[in-house]
Amino acid sequence: MDLADFYKDLMNTVDTRAEVENDYRSTAFLAEVSDRLAEAEDVEQLTVLHFVGTGERKRAVAVNGFDLTDQDGSVALAVSVFADSDEPLTLSTADARRAFQSLANYLDEAVRGVFQEGREESGPEYQLAEDLRMRGRNVTRYRMYLITNMEMSGRAKAFNSSERDGIRIDYHIWDLRRLLQVHESSQGREELEIDLSEWLPSGLEALRTSETASDVKTYLTAIPARVLADLYGRYGSRLLEGNVRSYLSTAGKVNKGIRSTLLSEPARFLAYNNGITATATDLEWTADGRAIKTIRDLQIVNGGQTTATLFYVRRDNKDIPHFEDVFVQTKLVVVQPEQAVEMVPRISRYANSQNKVSEADFFSNSPFHVRLEDLSRRILAPAQPGVNFQTKWFYERTRGQYANEQRKLSVADAKKFAALFPRGQVITKTDAAKYEVSWAKKPHLVSAGAQRNFLAFADQVAAQWETSEASFNEVYFKHLVAKALLYHRIRALAAKASWYQSGYLANIVTYTMSKLAVIVETHAPGKSFDFDLIWARQAVSPAVEETSLVVAKKVFDLLTDERRPIANVTEWAKREACWESIRKASVDVPEAFLATLVSRERVAQRRADAVAVQKIDSGIMAQTAVLQMGAPAWESVRRFVVARRLATPTHLGILDIATGRKRGIPSEKQSAVLLGLLRTAEENGFELDH
């Protein structure tokens, strides 16, 4: 894809987002890039705000976004330069420097407390400034982002890091070209390339283990603790695989045992510590082939707390005796780039848990995502008044799938595709998590950021899949769409409300949706919300709209209440205590809303019927999949599982049918058992020849 095509595709996405969310084009652009930065694992949750003004001595100050949630103790601040143009434009170095300077001015005045003088305390820019001032020297580094839909001038030079009060300031430009590169990346994010010669001029000696897998190479080494500490200080949470980053957020940054060993017995650190496991996609070796010079896309999949502790202990204790002599044992697994998306999270899961890996683990090819994708391609949405054709909702199982599907088609077929699957009817994996967790009455998790919320949703679905995978069926998908419609309608209503000014819209929407779920539960025992009606109309009824607006106003008032214990509203919204205060708050509920609710028995019966149908569908699909594989393939599976003692007598009996040793064909139930055995074989290294 060339830059012009990518720009057109990006701006179409932005325009759709602006229309769906009833927002300005520039705001929709920043929100879209915020999501992409989260997917790229560069900024976990960029909260969008808009402030452009003047500070002391009439110098320009601006801030358009921030993230205070990174577990490495860093702070991300963003400024945006948006061009409202049909064609991609060029951003000059001078304009980029001015944008960064306005952001640096904001940071400087905020930390010194100058920015806050004479400004409205309820504004998000004021609350952010206070937060920055309160953090003071506790920040590990500042990450300054320039986000633009323009392309940086080819003559632009890199913006070198600087310092403020001894705290490092890094500058990052996300322009059109960089967004395109990440879009085309096989992993959906930028790969870190670490040149070890900066710390180890002779390289890092490593020993390769012997193994049979041709696409995976494993090395054993011992990395100096100072190198790991420096890498974490420079790259922070980007070094950590997503699941490890999520764990670190709950486990804490510093392990007391590791800290004690470093300070009192550093010579025994290698003996006491379990070490780390990391992955990479490529290594560059020294001429003699004994030492590693460069590591491409290093990700720590086990040992995140060890790495973080090394950084914090050294930062807080400048003179640790013999720290230079501390080493960390490391297993380094090198996987092919095209396989990394699936393999790295799997390696992480196995490295961090003694429990079995659920078949509903949230890789893009997990059965949950595959089923939702299949349902979305089959189910037609009801036709709307005045329209003589039906559309479908597109579930995006993998990043960029919607655009990729369109791109493969001719111009005429692409138009038909867009008519059948309107761009405004796309649901991504993180969208689904946002809608479901909001209705599940956990808005504080949604407010904590897309990736963290998604991991919580993954655990929720995995547990449910284990007990009743058939509950993820046609009714589930239709209700998911209905929740999407409700979510976006609440957002549009709140954005237009006279009481709404700016900021906190995402928090207001998720809290309002959760509060509606509580109202149904407490005000109408025995009743359920009618998601079937929303699906049938593809719209929210006036009575639900009216109540949503009443609740949204109450939520806004409570979120911004001056008596809240945390000044920054977006940070307060992430606390369970915030949700508890809003959950318990009384709201005047219109009778018209209660009249829209339906009996719980009716909803339960519909779900039960859908489960029964899904079980039949799943059985047919399992039997079809087994037969399509053919007897030779099942013969290969049989040899593998027998050699590794993975099969029970029951398995072998069914395999005899699948391989033709016995007459007949496997039943639907037997087919499901065979597919489960195939997954077990694959988890143990089996590869089916195609």
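For clarity, every value in this text was computed on a predicted model and none was experimentally measured. (Residues numbered from 1 in each chain as written. Predicted model: local features only at pLDDT ≥ 70, side-chain atom pairs only at ≥ 80, totals over all residues. Heavy atoms only, no water.)

Below, the discussion takes up the nonpolar core. Counting residues in each nonpolar core, the largest one holds 67 residues, and the members touching the most others are F368, I427, L486, I508, F529 and F593. The dominant element in this core, judged by the number of residues it contributes, is helix α18 (residues 474-496), at 11 residues. Residues L196, Y219, V227 and F323 belong to the second largest nonpolar core, which totals 40 residues. (Core = buried A, V, L, I, M, F, W, Y, C linked by side-chain atoms within 4.5 Å. Buried < 20%, exposed > 50% of the residue type's maximum accessible area, 1.4 Å probe, protein only. Helix = DSSP H or I, 4+ residues; strand = E, 2+ residues; numbered from the N terminus.)

Once that is clear, we can look at the packing of aromatic side chains. Ring pairs (aromatic) are described by centroid distance and by the angle formed between their planes. In total, this model carries 28 aromatic pairs according to the counting rule given. Measuring from centroid to centroid gives 5.2 Å for F51 and F115, while their planes differ by 85°, and the two rings are edge-to-face. Here F115 lies in the loop between α3 (93-112) and α4 (124-135) and F51 lies in strand β1 (residues 47-54), a separation of 64 residues in the sequence. Classification of F51 by relative accessible area gives buried; the value is 11%. An aromatic cluster is present here, built from F368, F457, W465, F472 and Y476 joined pairwise through their rings. A cation over an aromatic ring shows up here: R119 above the ring of F115, its NZ or CZ 4.1 Å from the ring centre. Looking at R178, its charged tip hangs above the ring of W174, at a distance of 4.1 Å from the centre. (Phe/Tyr/Trp six-rings, centres within 6.5 Å; stacked < 30°, edge-to-face > 60°. Lys NZ or Arg CZ within 6 Å of the ring centre and 35° of its normal.)

Of all residues in the chain, 92% have pLDDT values of 70 or greater, and the mean over the chain is 87. Every residue in residues 354-361 is under pLDDT 50, and counting partners more than four places away or in other chains gives 18 contacts. (pLDDT = per-residue confidence, 0-100. Contact = heavy atoms within 4.5 Å.)

Turning our eyes to something else, we now look at the pattern of salt bridges. Per the counting criterion, the structure on display carries 45 salt bridges. With a closest N to O distance of 2.4 Å, D84 and R25 form a salt bridge. With D84 in the loop between β3 (75-81) and β4 (90-91) and R25 in helix α2 (residues 25-39), the pair connects residues that are 59 residues apart, well separated along the chain. Here D108 makes a salt bridge to R164, at a shortest N to O gap of 3.1 Å. Residue D108 is found in helix α3, and its partner R164 is found in strand β7 (residues 162-164); the two are separated by 56 residues along the sequence. The same class applies to D108 and to R164, which are both buried. Salt bridges linked by common partners bring E56, R57, R59, D108, E109, R112, R164 and D165 together as one network. (Salt bridge = Lys/Arg side-chain N within 4 Å of Asp/Glu carboxyl O.)

Across three bridges, the pairing between strand β9 (residues 193-195) and strand β14 (residues 291-296) is antiparallel. Bridge assignment links D195 to a residue of β14, and that residue is T294. Sheet analysis places strand β10 (residues 204-208) next to β14, joined by two bridges and oriented antiparallel. Opposite L204, over in β14, you have I292 as the bridge partner. Sheet topology note: the strand β13 (residues 282-285)/β14 ladder contains four bridges and is antiparallel. Paired with L283 across the two strands is I295, which belongs to β14. (Pairing = 2+ DSSP bridges.)

Attention shifts here to the side chain of R17. Here R17 shows up in helix α1 (residues 3-20). Reaching out from R17, the side chain makes a polar contact with the side chain of D35 at a distance of 2.7 Å. (Polar contact = N/O pair within 3.5 Å; in protein donor to acceptor, adjacent residues only side chain to side chain.)

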